[in-house]
Amino acid sequence: MPVSQWQRSIASELSWNLTIDSTAIVVTGSMSIGTVIMQLVNRLDGTEDYSDHALWWPKASIWLTNTRRTLDQYGIQADSYLTFTTMHKLIRLQLPDLRILSHYVDFSVSVYVSVCKICKDFGIRHAEELSILRLPKVSNANEHRASFRRRRDNSNTLHRHHSMGDSLATNTLAKSTSFSTATLKLRSTATIDKLTEPSFHSDYSTSSLSKSLNLLNSSTDGNFARTPLTARKNLLPQVMQSINLIEKSKLNSLWLDSSKSLMEQDINENDVILLRFKYYSFYDLNPKVDAIRINQLYEQAKWSILNEDTDCTDEEMITFAALQLQIQIQSSSSSSLSIITSNYDVDTLHQYDNHDVEQALEHLQNSLLGKAQVRSVNSTRPLNIQQQRKEELRDYLRIFKSRRFAFKSYKRYWFVLSDSQLTYYTNESQQYRAPIEKISLRGCEILADMNTSATKYLIRLMIPSIDGMNQTLIKCSTEKQYATWIAALRLASKGQSVDEISYETERESILALFNMKNSSSNSHQNKFNIQPENYVSKKISKKYKTKQLTERILEAYATVSNLDGIEAKLRYLKAWQSLPEYGISTFVVKFNDSNKKEELFGISSNRLLRMTMTGETIKTWWISRMRSWNVNWQNKLLNIEFDGETIEFLPLYDTDSKCIHEFIGAYIFLAMRSTAKLSDNDDPLKQETLFQQLTAAYI
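- The name an unreviewed UniProt entry assigns to the protein is PH domain-containing protein, from the organism Rotaria socialis.

Next comes the structure, spelled out in structure tokens:
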């Protein structure tokens, strides 16, 4: 090819050849990236649109997106090799509800920006709470025994993973996993993976992923607010499961660096990545605008409970199972009948007929009219002794505190609830003297624990403290007393008093629930044919017989059957957040001041914890008292300075120090959302800059 006069002038200025995708371009070190791209495009086919292309330097693993910078400034020399590739590439994205979507993502921007764009496409607010998790590189044992020829044939496919099963890995038979993309109405950039033709079912065996994907309906964007009903046995292989605390801690090291792009972290086109809620600080959950966000968060919480990633008691597991059943019933009633009556083994078999629907509508109308009439009657009713000071409740209750007092049984005291303060005395005559204890209810979690057949009416108070959440049990004697006090305590935990209008509404609804309980319990047992192993963890399903679990789940279900889908999900999330192990991300580290080889370092939204390898807390530091945190990149040590104390530790098991640093900085960033410094109206670029400043770990 003849050399032009302009190229000869460049060559006289110490020019050299730069190879870009097997194309040699004559350049100089002072030439800008934009000029290099212009020369390359002139050599290529001019009919194509290269607006989405950019230069990628594989050896340095960086994008050359700043077109004004020169080759010398980037450090590119004659032996450098560049590629000219698209910035937006197709990725297979698994949502928290385990659906896998094909989605176009910008590989040239940071993971933080990519997640913000993905959440915007799917209608999820507060994208800063989410991030991307890479797949664990753990091969199936069967694959190690496979022949060399079989592994060679599968070299271009995604290998099976021991913890994820068929959900995220393609089948060894290429034809059985042929996928086509069906356009989703939510955004033009997202598609849902579906099997190409039904004829494949007869000729080839399909994986559990293929079966679950057949249940997806891509007709409306509301699908992301309602997860398709699928039996747990078909979805269980798709969930990452940790055997012990060490394995669980290793999974936390798989989070991608938010300051780097996907391409810089060895994520390639058509790879599977996991979109998950990374930080357990959920701001402004609004049922009116956050239906998709609440559903995805509920799904992540549900699988953490079922897979025992978050430990809970047997009673709490039954409560979760009852709420899960109610959510699935609400989902099935609002979805098409074809999904419920499909050929798949859906564990929720609740059937609705025309009489049930009419009866439900009539009951709803009567309940709404009844509440209005009750309020009008109460307004003209003379005040009794208890209503004369409506801002206070006084009665005899029983209390049990398992941690601080050595009570072996519930003891009877005189309780007084005033605003957000709960005090109790030895008896009624002592109420004007110093109380035995004052409990501030603001910020506490008020949980119900009742069993009408066993005349059990307990109220659980989860009180935050330095050591975590302390549990206090209050026992009521009657249904009326239980409804009165739990309604008042729930309002007090929100900073409200019993003179609010919502107090009577809440109290009446609880009493109405008691009245309906016996009849609804019998009818539900005739309507449902559930498989309890789909609603509880494997440990619980082995501990009890199927009949026992079914009866306990249906009995607990009667107490939540009046909730709609969103309310049940929010109730599930509140119960999840009240668990002692909720929201603690652990890492295996070596503390400098300890002779122990391994310890756990836990990070939550408001505190840092030093823990033993069995999960017991040794020491707690509040993030609000932290003065600085940084990384010594010479020895990979993390240094955190508090008021009067400094700790240093080394992350183990190939965990990047930047990962732990990012967790701490991100929680500080999330805590600023409720202040005037950070709000939804702020410039996204300013928010990204602040996030990167707090999490960068670089000077």
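Concerning the overall build of the protein
Alright, step 1. Scanning the protein from N- to C-terminus turns up 22 helices and 25 strands.
Alright, step 2. Residue pairs at least 24 apart in sequence account for 60% of intrachain contacts in the protein once pairs closer than 6 positions are excluded.

Re the pattern of salt bridges
Alright, step 1. Scanning the entire structure with this criterion turns up 26 salt bridges.
Alright, step 2. In this structure, the salt-bridge partner of arginine 99 is aspartate 97, at a minimum N-O distance of 2.8 Å. Taken as a pair, arginine 99 and aspartate 97 share a single burial class, namely buried.
Alright, step 3. A salt bridge links arginine 507 to glutamate 504, with the shortest nitrogen-to-oxygen separation between them at 3.9 Å. Taken together, the residues span about one helical turn, with arginine 507 and glutamate 504 both in helix 17 (residues 501-527) at a distance of 3 residues.
Alright, step 4. The buried category is assigned to arginine 507, whose relative accessible area is 16%.
Alright, step 5. Linked through salt bridges whose partners overlap, the residues forming this network are Arg125, Glu128, Glu129, Asp284, Asp290, Arg293 and Arg673.

A few points about the sheet that holds strand 22 (residues 617-622)
Alright, step 1. Strand order across the open sheet formed by 7 strands is 22-21-20-19-25-24-23, with antiparallel pairing between neighbours. The open sheet has two free edges, formed respectively by strand 22 and strand 23 (626-632), since each of these has just one partner strand. Averaged over neighbouring strand pairs, the angle between their axes works out to 30° when direction is ignored.
Alright, step 2. With respect to the sheet, helix 10 (residues 245-252) is in contact with strand 19 (585-591) and strand 20 (599-603), its orientation differing from that of strand 19 by roughly 100°.
Alright, step 3. The strands touched by helix 21 (residues 657-671) are strand 19, strand 20, strand 21 (607-611), strand 23, strand 24 (637-642) and strand 25 (645-651); relative to strand 23, the strand with the most contacts, the crossing angle is about 155°.

Regarding the sheet that holds strand 16 (residues 445-451)
Alright, step 1. Spatially, the 7 strands line up as an open sheet ordered 15-14-13-12-18-17-16, and their pairing is antiparallel. Edge strands, defined here as strands with exactly one partner in the open sheet, are strand 15 (437-440) and strand 16. When the angles between neighbouring strand axes are averaged without regard to direction, this sheet yields 35°.
Alright, step 2. Sheet topology places strand 12 (residues 392-401) next to strand 13 (residues 411-418); 8 bridges connect them, and they run antiparallel. Bridge pairing in strand 13 links tyrosine 396 to tryptophan 414.

Points about empty space enclosed by the protein
Alright, step 1. Overall, the coordinates contain 4 cavities of 30 Å³ or more when judged by the stated rule.
Alright, step 2. In this structure, the largest cavity occupies an estimated 560 Å³ of space.
Alright, step 3. Around the largest cavity, the lining comprises 28 residues; the ones closest to its centre are Leu251, Tyr280, Gln300, Ser304 and Asp309.
Alright, step 4. Among the elements that take part in the lining of the largest cavity, helix 11 (residues 291-306) stands out by supplying 4 residues, more than any other.
Alright, step 5. Its residues placed into classes, the lining of the largest cavity shows 14 nonpolar, 8 polar and 6 charged.

Some thoughts on helix 4 (residues 111-122)
A turn of α-helix holds 3.6 residues, and therefore any two residues three or four places apart point the same way.
Alright, step 1. Helix length check: helix 4, at 12 residues, gives a terminal C-alpha distance of 16 Å against a target of 16 Å (1.5 Å per residue), a fit within 8%.
Alright, step 2. Buried within helix 4 are the following residues: Val111, Tyr112, Ser114, Val115, Ile118, Cys119, Asp121 and Phe122.
Alright, step 3. The positive-phi residue at the C-terminal boundary of helix 4 is glycine 123, with phi of around 75°.

Examining the pairing of strand 11 (residues 272-277)
Alright, step 1. Taken across its 6 residues, strand 11 has 6 buried, putting it largely inside the fold.
Alright, step 2. The two faces of strand 11 match: Val272, Leu274 and Arg276 on one face and Ile273, Leu275 and Phe277 on the other face are all buried.
Alright, step 3. Sheet analysis places strand 6 (residues 88-94) next to strand 11, joined by 3 bridges and oriented parallel. Within strand 11, the position partnered with glutamine 94 by the bridge is leucine 274.

Notes on the confidence of the model for the protein
The predicted structure's coordinates, where accompanied by low pLDDT, should not be read in detail.
Alright, step 1. Looking at the protein, the pLDDT average stands at 77 and 72% of residues meet or exceed 70.
Alright, step 2. The low-confidence segment residues 336-358 (pLDDT under 50) makes 32 contacts with residues lying over four places distant or belonging to another chain.

Considering the environment of glutamine 324
Alright, step 1. Within the secondary structure layout, glutamine 324 lies in helix 12 (residues 314-334).
Alright, step 2. Under the relative-accessibility criterion, glutamine 324 is labelled buried at 2%.
Alright, step 3. For the pair glutamine 324 and asparagine 534, spaced 210 residues apart in sequence, the C-alpha separation works out to 9.7 Å.
Alright, step 4. Ignoring sequence-local partners within four residues, the contact set of glutamine 324 consists of Tyr298, Lys302, Leu306, Asn534, Tyr535 and Tyr572.

Here we look at the environment of glutamate 128
Alright, step 1. Tracing the chain through its elements places glutamate 128 in the loop between helix 4 and strand 8 (130-133).
Alright, step 2. Under the relative-accessibility criterion, glutamate 128 is labelled buried at 10%.
Alright, step 3. Measuring from C-alpha to C-alpha, the distance between glutamate 128 and leucine 670 comes to 7.8 Å, with 542 residues separating the pair along the chain.
Alright, step 4. Only 2.9 Å separates the side chain of glutamate 128 from the side chain of arginine 673, close enough to count as a polar contact.

Rules used in this analysis
Residues numbered from 1 in each chain as written. Predicted model: local features only at pLDDT ≥ 70, side-chain atom pairs only at ≥ 80, totals over all residues. Heavy atoms only, no water. Helix = DSSP H or I, 4+ residues; strand = E, 2+ residues; numbered from the N terminus. Contact = heavy atoms within 4.5 Å. Salt bridge = Lys/Arg side-chain N within 4 Å of Asp/Glu carboxyl O. Buried < 20%, exposed > 50% of the residue type's maximum accessible area, 1.4 Å probe, protein only. Pairing = 2+ DSSP bridges. Axes fitted to C-alpha atoms, helices over the stretch in contact; angles between N-to-C directions. 1 Å grid on protein atoms, 1.4 Å probe; cavity = no way out; pocket = protein on both sides within 12 Å on 5 of 7 lines; lining within 4 Å. Points joined across faces, edges and corners; volume = space filled by probe spheres on them. Nonpolar A, V, L, I, M, F, W, Y, C, P; charged D, E, K, R; others polar. Expected span 1.5 Å × (residues − 1). pLDDT = per-residue confidence, 0-100. Polar contact = N/O pair within 3.5 Å; in protein donor to acceptor, adjacent residues only side chain to side chain.

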